[in-house]
Structure formats: structure tokens, C-alpha cells
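Listed below, chain by chain, are the residues.
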Amino acid sequence: MNFLVGRVRGLTFSAALPERLAVATVAARLADFESARVVLEEPVRYQHDR
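The shown structure was predicted, so the numbers you read here are calculated from the model rather than taken from an experiment.

A. Main features of helix H2 (residues 19–30). If you check H2, its first and last C-alpha atoms are 17 Å apart, about what twelve residues at 1.5 Å a residue would give, namely 16 Å. Taken together, the buried positions of H2 are Ala22, Val23 and Val26. With its buried residues spanning 100° around the axis, H2 presents them on a single face.

Okay, structure coming up:
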């Protein structure tokens, strides 16, 4: 999340929030939880080639 810190400083709401909370807010907004859930529900097949 360190790469978000510099980007968060330029946002208007970041002045009203502690840096850590502002970064967490942006990270949560950027996260695509629905797509992650769909991918995690897909079947997995492991293949080991020797």
C-alpha cells in the first residue's frame, strides 16, 4: 500500500483523515471484491509434471 501514500496526499478528503485511514479508504475503493470472490469460487486443478 505504500505506493498509494503519495497519491492520497493530493485528494481533497485526505486533509480530513489521518494518512493511514485515507490510504485504507482508497485501497478499499480500488479493490474489486466481487471479481475476487468469483475467481476464488472457480474450481482449481493441480497438475504436476515430472
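B. Seen up close, the pattern of salt bridges. Under the definition given, this model contains two salt bridges. In this structure, Arg37 engages Glu34 in a salt bridge whose closest nitrogen and oxygen atoms are separated by 2.4 Å. Taken as a pair, Arg37 and Glu34 lie in helix H3 (residues 33–41) at a separation of three residues, close to a single helical turn. Note on Glu34: relative accessible area 47%, which makes it partly exposed. Close ionic contact of Arg37 with Glu41 constitutes a salt bridge, the shortest N to O distance being 2.8 Å. Within this pair, Arg37 and its partner Glu41 are both found in helix H3, separated by four residues, close to a single helical turn. According to the relative accessible area criterion, Arg37 is partly exposed, its value standing at 37%. Through salt bridges with shared partners, a single network forms among Glu34, Arg37 and Glu41.

Cut-offs and rules
- Residues numbered from 1 in each chain as written.
- Predicted model: local features only at pLDDT ≥ 70, side-chain atom pairs only at ≥ 80, totals over all residues.
- Heavy atoms only, no water.
- Helix = DSSP H or I, 4+ residues; strand = E, 2+ residues; numbered from the N terminus.
- Expected span 1.5 Å × (residues − 1).
- Buried < 20%, exposed > 50% of the residue type's maximum accessible area, 1.4 Å probe, protein only.
- Arc of directions from axis to C-beta.
- Salt bridge = Lys/Arg side-chain N within 4 Å of Asp/Glu carboxyl O.

Keep in mind that these numbers describe shape and distance, not what the molecule does.
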